[in-house]
Amino acid sequence: SSGINAEWPLRPGFEGMGKSKKPELKPESEAIQVIIRCRPLGSKEIHDSRKSCVNVDKSRGAIEVTKPGSSEPKTFSFDKVYGPSSTQDEIYKEVFHILVDSVLEGYNGTIFAYGQTGTGKTHTMQGDAKNPGVIPRSFHQVFDAIKESTGKEYLVRASYLEIYQDDIRDLLSKDHKKKYELKETPDSGVSVKDLSSFVVKSVKEIEHVMNVGNNNRATAFTDMNDRSSRSHAIFITTIENCQIIGGEDKIRVGKLNMVDLAGSERQSKTNAQGERFKEATKINLSLSALGNVIKALVDGTSTHIPYRDSKLTRLLQDSLGGNSRTVMVANIGPADFNYDETITTLRYANRAKNIKNKPKINEDPKDALLRQFQSEIERLKKMLESRGSSAPGGSGDKKKKKKKKEKSTDCDSALIPLL
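From a predicted model like this one, the values you see are computed outputs, not experimental measurements.

Cut-offs and rules
Residues numbered from 1 in each chain as written. Predicted model: local features only at pLDDT ≥ 70, side-chain atom pairs only at ≥ 80, totals over all residues. Heavy atoms only, no water. Pairing = 2+ DSSP bridges. Helix = DSSP H or I, 4+ residues; strand = E, 2+ residues; numbered from the N terminus. Axes fitted to C-alpha atoms, helices over the stretch in contact; angles between N-to-C directions. Contact = heavy atoms within 4.5 Å. Phe/Tyr/Trp six-rings, centres within 6.5 Å; stacked < 30°, edge-to-face > 60°. Buried < 20%, exposed > 50% of the residue type's maximum accessible area, 1.4 Å probe, protein only. Lys NZ or Arg CZ within 6 Å of the ring centre and 35° of its normal.

Asker: Is there a simple way to think about the sheet that holds strand β5 (residues 74-77) in this case?
Answerer: Strand order across the open sheet formed by three strands is β3-β4-β5, with antiparallel pairing between neighbours. Edge strands, defined here as strands with exactly one partner in the open sheet, are β3 (54-57) and β5. Averaged over all pairs of adjacent strands, the angle between strand axes in this sheet comes to 20 degrees, irrespective of strand direction. In this sheet, β5 lies alongside strand β4 (residues 62-65) in antiparallel orientation, the contact comprising four bridges. Residue I63 lies in a different strand from β5, and its bridge partner there is F76. Relative to β5, helix α9 (residues 339-352) is tilted by about 35 degrees, and along the sheet it contacts β3, β4 and β5.

Given below as C-alpha cells:
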C-alpha cells in the first residue's frame, strides 16, 4: 500500500516557534511523537458558564493556556496540536496512518491516549459509529493494505486486555474478571501469559473482537464523566507477513498496541466514593508510575528505570525507550475550571517527547505462527504423498496424483487462515 516505506517523521525543533530543523539523533534511535488534542467545551461546562483558557495554534504546533485572572499565557510546543474543531479523519491521516503502515512492514507500534478524566481519550481511540476513532480506522487500513498487497501472505491476530486496579484481565475470555500474570522472554519481551489471541480475516471479524471486549470493560458514572473508564485498556493487533526472498521464506511480525488509559482524577471533582474512589486511587498510582518511568528515561542521570512499579509500565516497556515506534496523544479540556489539570497534562506530555526509542523490524521471530502453520502443512503434504505412493498403482496413476495435489492445496487453505 502507498506510504508503507515512507520515512517516519522526525520532530521539528521549536526554538524559533515556526522554524523547524531535524533533531540530531543517532540513526538507530528516534523520539516518540507527542500530539495534543483539545476537545470543545462540554454542555455542562457551558451551562456552568465556564470559559475556555486554551488557545490552539496548529500552524506553530503550539498550545497556549491562560490562568483565570491572568493575561500571560503559558506556551507549550509539540509535534502536532489539534483544536476543538479537529476531526477524527484529519488526525488519523496526519498522525497515525504512517505508524500503522510501518507495523505492516514488521515494526512494533504503540498509540496511547493520556489525560484527565473526561477529556476525550476514549473518543479519540474508539470513537463511535459516525466518527470512528484510531482503533477501528486502523482495522480498515490494515485489511485494505493486505488486499492490495502482492507476493506476501498475511496472518492477523487480535487480543484485548484491561488493567483494573493493577490486575490484568482478558476482555475476550469467558471469565473476563480472571487475573492474568505477566511473563518475559528474551525474544518477545513482556507479554501476558495465556492471553486470548484470535485470528481475524476481515474488518468485520476484528470489529466483532473489539466490540466483545468493549462490552466487558469496566466503566462507571462520575461527576466528571457519564461513562468513565475505570481501567486501562490495550487492544493488540499482531500482523505477520511472509515473503519469499532468494528462495527462502522471510517472516516479519509487527505488533500494534493501542492504549486507552483511564483518566487521572481529583476526588474533589469526581466525588468518587467507595469502589469508585478505590478505582481512582489505583488509576492515579499507575499513572504516577508511568510518570516516574518517563522522568527516569529523560533526565539523563537515572541508572534504573522503574518499569516494574506497575503492570501498566511493564506492558509499555518496549513502547517507552524500547523496540517500538510510539505516538502519545495527550487529551485536554479547554475549561478554565480545569486549568491546573490541563497544565499538569501538558507538562507530562512535554517531558515525554524527549524519550528515545530504538525500533527495528522484527524478522523471523521464533514464535511466528506463520512458521508453525507452514511446518504443519509440509508435514501433512508428506503424509499425503506417502499414502498416495503406498496405494495400489499410486506411483503411476496420474489421476490420483492430480487428486493428491488438489488435496494438499485444500490443506493449505484450510490450515492457514490468510487473506
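Past the structure itself, the notes keep going.
Asker: So what exactly am I meant to see when it comes to the packing of aromatic side chains here?
Answerer: Both the distance between ring centres and the angle between the ring planes are used here to describe each pair of aromatic rings. A full pass over the atoms with the stated rule returns four aromatic pairs. Measuring from ring centre to ring centre gives 6.1 Å for Y92 and F96, while their planes differ by 45 degrees; the resulting arrangement is tilted. Here Y92 pairs with F96, and both are found in helix α2 (residues 88-104), just four residues apart, close to one helical turn. Consider the rings of F139 and F235, whose centres lie 5.3 Å apart with planes at 50 degrees: the pair is tilted. Separated by 96 residues along the polypeptide, F139 in helix α4 (residues 134-148) and F235 in strand β15 (residues 232-245) bring together distant segments of the chain. Here F139 falls in the buried class, since its relative accessible area comes to 1%. Three or more aromatic residues link up through ring pairs in this structure, and these residues are F139, Y160 and F235. One Lys or Arg, R325, reaches over the ring of Y107 and ends 4.1 Å from the middle of that ring. The ring centre of F78 lies 5.2 Å from the NZ or CZ of K353, which sits over that ring.

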